[in-house]
Amino acid sequence: NMSLGKRALIKGLLYGAAVNKDSLSANPQLVASVAKECAIIVSEWELKWNFLRPTSTSFDFMPADWLADFARTHGLLFRGHTLVWHEAMPKWFLKTINSKNAKQLLLEHITTVVKHYAGNIHSWDVVNEAINLQDRRSDGLRKTPWLQFIGRDYIEIAFRAAAEADPKAMLVYNDYGLEYDTPEHEAKRKAVLNLLKNLKSKGTPIHALGIQSHLSGNETRFNSQKFQKFLSEIANLDLKILITEIDVKDKNLPVDLKVRDRIVAATYEDYLSVVLDEPAVIAVLTWGLSDRYTWLSEYQPRRDGAKVRPLPLDANFKRKLAWNAIARAF
Ligand code: XIL
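What you see is a predicted model; the values in this text were computed from it and never measured.

**Here's the deal with the layout of surface pockets**
Space inside the largest pocket adds up to approximately 900 Å³. When residues of the lining of the largest pocket are traced back to their parent elements, those giving at least two are β1 (14–19), α3 (28–37), α4 (49–52), β7 (214–216), β8 (240–249) and α13 (296–299). Tallied by class, the residues present in the lining of the largest pocket amount to 18 nonpolar, 14 polar and nine charged. In terms of lining residues, the second largest pocket is bounded by 17 residues, among which Y176, G177, E184, H185 and K188 are the most central. At the level of secondary structure, the elements contributing two or more residues to the lining of the second largest pocket comprise α10 (183–201) and β7. For the lining of the second largest pocket, the element with the highest residue contribution is α10, accounting for four residues.

See below:
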């Protein structure tokens with residue numbers, strides 16, 4: 001029956017997934033499943049600094065160009081992820097950056113990369129994960145080299161440079177740890193809201209909030225009223241909302257596949273039914289499409305060694321209960 005991408009489009013929404021050149025090149029079944037189920041894709045790796053920047057004075061666009069061509073060939077929209085982050089940085093970065101060159105390094109990267117793809121990117125995650133309350137700063141900003149060497153306006157600087165380089169791209173602030181009814185997530189929602197209010201008050205060209213949505217199957221309390229309130233506060237800043245990296249960790253769920261798949265599916269359905277009630281939400285992307293290629297195999301492996309099953313398609317690209325749950329939410 002109808003694909004996730006088609007179902008979403010009927011509701012005026014975009015559904016897609018994170019992909020990488022390696023797995024697409026290696027697996028024609030993945031290509032077929034992505035082409036069938038998705039309306040948009042995002043680069044899992046290829047538009048991060050460690051792929052784009054072999055040295056402080058050079059760029060390697062080949063892997064990301066391959067993905068941009070893949071998107072075009074299959075009639076898919078393409079999301080850029082991510083221009084400014086503190087992870088996935090090349091080895092030379094920490095040895096090179098200082099208070100004299102940091103702003104130039106940031107501006108040159110954003111301008112060169114965004115111009116290279118100008119007109120072919122649906123939206124950019126301009127800044128990723130800039131809020132971290134453990135760093136105990138009043139503004140909640142994570143202590144990254146960008147903050148250290150440029151100062152707190154590095155975020156505004158980044159968005160303005162991206163808008164200058166591609167006025168057509170939607171510019172997104174992306175973060176995680178916003179979804180649940182815990183003191184930490186509540187505090188982070190407040191800090192992200194303040195950051196976005198502050199950026200908007202200065203006329204920063206920022207168009208959307210990306211909520212990564214890495215969920216954990218029925219381990220943590222979810223309060224739909226509180227989350228719905230947060231979503232509408234974001235929308236009231238004249239921002240759109242993208243669910244940018246949704247998946248459901250099944251690391252601590254029972255080993256029985258039927259039980260696990262049912263809980264994972266229910267987690268997708270409960271969360272997305274709340275999210276898709278907010279008109280400002282325009283897109284839902286899963287962080288991967290098939291269980292065969294999920295970052296959680298490495299980052300959240302099960303102690304019993306069983307393969308994790310966080311995504312809509314199983315490792316043989318068959319639709320799971322999670323697929324039905326996402327389809328129903330649309
Ligand atoms: C992850 C990739 O999936 C991994 O393969 C890589 O080793 C590390 O990065 N939040 C993000 C993504 O914004 O960029 C991360 O992607 C997952 C968490």
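**Some details on the packing of α10 against helix α11 (residues 224–235)**
With their axes 11 Å apart at the nearest point, α10 and α11 run at an angle of 10 degrees to one another. Accordingly, the angle class assigned to the pair α10 and α11 is roughly parallel. Facing E186, R189, L193 and L196 of α10, the residues of α11 in contact are K226, F230, E233 and I234. Partitioning the contact of α10 with α11 into residue classes produces four nonpolar, no polar and four charged.

**Overview of helix α7 (residues 102–116)**
Its 15 residues give α7 an end-to-end C-alpha distance of 21 Å, which sits within 8% of 21 Å, the value for a rise of 1.5 Å per residue. All of the buried residues in α7 are A102, L105, L106, H109, I110, V113 and V114. Considered in projection along α7, the buried side chains sweep an arc of 130 degrees and stay on one side of the axis. In this fold, the buried residues of α7 make contact with α4, β3 (77–84), α6 (91–96), β4 (123–128), α8 (145–150) and α9 (154–165).

**Looking at the side chain of R142**
Of note, R142 is situated in the loop between β4 and α8. Despite its burial, R142 remains without a salt bridge, the nearest opposite charge being carried by E129 at 4.6 Å. If we ignore the near neighbours within four places in the chain, the residues touching R142 are H86, E129, A130, I131, N132, D135, L147 and Y176.

**Points about the pairing of strand β2 (residues 40–43)**
Neither face of β2 is open: one carries I40 and V42, the other I41 and S43, and all of them are buried. Bridge analysis of β1 against β2 gives four bridges, and the strand direction is parallel. Bridge pairing links A17 to I41 in β2. Note: β2 against β3, three bridges, orientation parallel. Paired with V42 across the bridge in β3 is R79.

**Considering the site of the ligand**
If you check the shell around the ligand, you find 13 residues, and the closest are E44, K48, H81, E245 and Y299. In the model, an oxygen atom of the ligand is placed 2.7 Å from a nitrogen or oxygen of the H81 side chain. The protein chains hide 85% of the 410 Å² of surface that the ligand would expose on its own. More than half of the atoms belonging to the ligand lie within 2 Å of the grid points that define the largest pocket. Split into classes, the residues belonging to the shell around the ligand amount to five nonpolar, four polar and four charged.

**Digging into empty space enclosed by the protein**
Throughout the structure, instances matching the rule amount to one cavity of 30 Å³ or more. As for the largest cavity, its lining consists of V84, W85, H86, V127, N128, E129, A130, T144, W146 and Y154.

Procedures and definitions
- Residues numbered from 1 in each chain as written.
- Predicted model: local features only at pLDDT ≥ 70, side-chain atom pairs only at ≥ 80, totals over all residues.
- Heavy atoms only, no water.
- 1 Å grid on protein atoms, 1.4 Å probe; cavity = no way out; pocket = protein on both sides within 12 Å on 5 of 7 lines; lining within 4 Å.
- Points joined across faces, edges and corners; volume = space filled by probe spheres on them.
- Helix = DSSP H or I, 4+ residues; strand = E, 2+ residues; numbered from the N terminus.
- Nonpolar A, V, L, I, M, F, W, Y, C, P; charged D, E, K, R; others polar.
- Axes fitted to C-alpha atoms, helices over the stretch in contact; angles between N-to-C directions.
- Parallel < 35°, antiparallel > 145°, perpendicular 65-115°, else oblique.
- Contact = heavy atoms within 4.5 Å.
- Expected span 1.5 Å × (residues − 1).
- Buried < 20%, exposed > 50% of the residue type's maximum accessible area, 1.4 Å probe, protein only.
- Arc of directions from axis to C-beta.
- Lys, Arg positive; Asp, Glu negative; His and termini not counted.
- Salt bridge = Lys/Arg side-chain N within 4 Å of Asp/Glu carboxyl O.
- Pairing = 2+ DSSP bridges.
- Near = heavy atom within 4 Å.
- Polar contact = N/O pair within 3.5 Å; in protein donor to acceptor, adjacent residues only side chain to side chain.
- Areas by Shrake-Rupley, 256 points an atom, 1.4 Å probe, with all protein chains shown as cover.
- Sits in = over half its atoms within 2 Å of the grid points.

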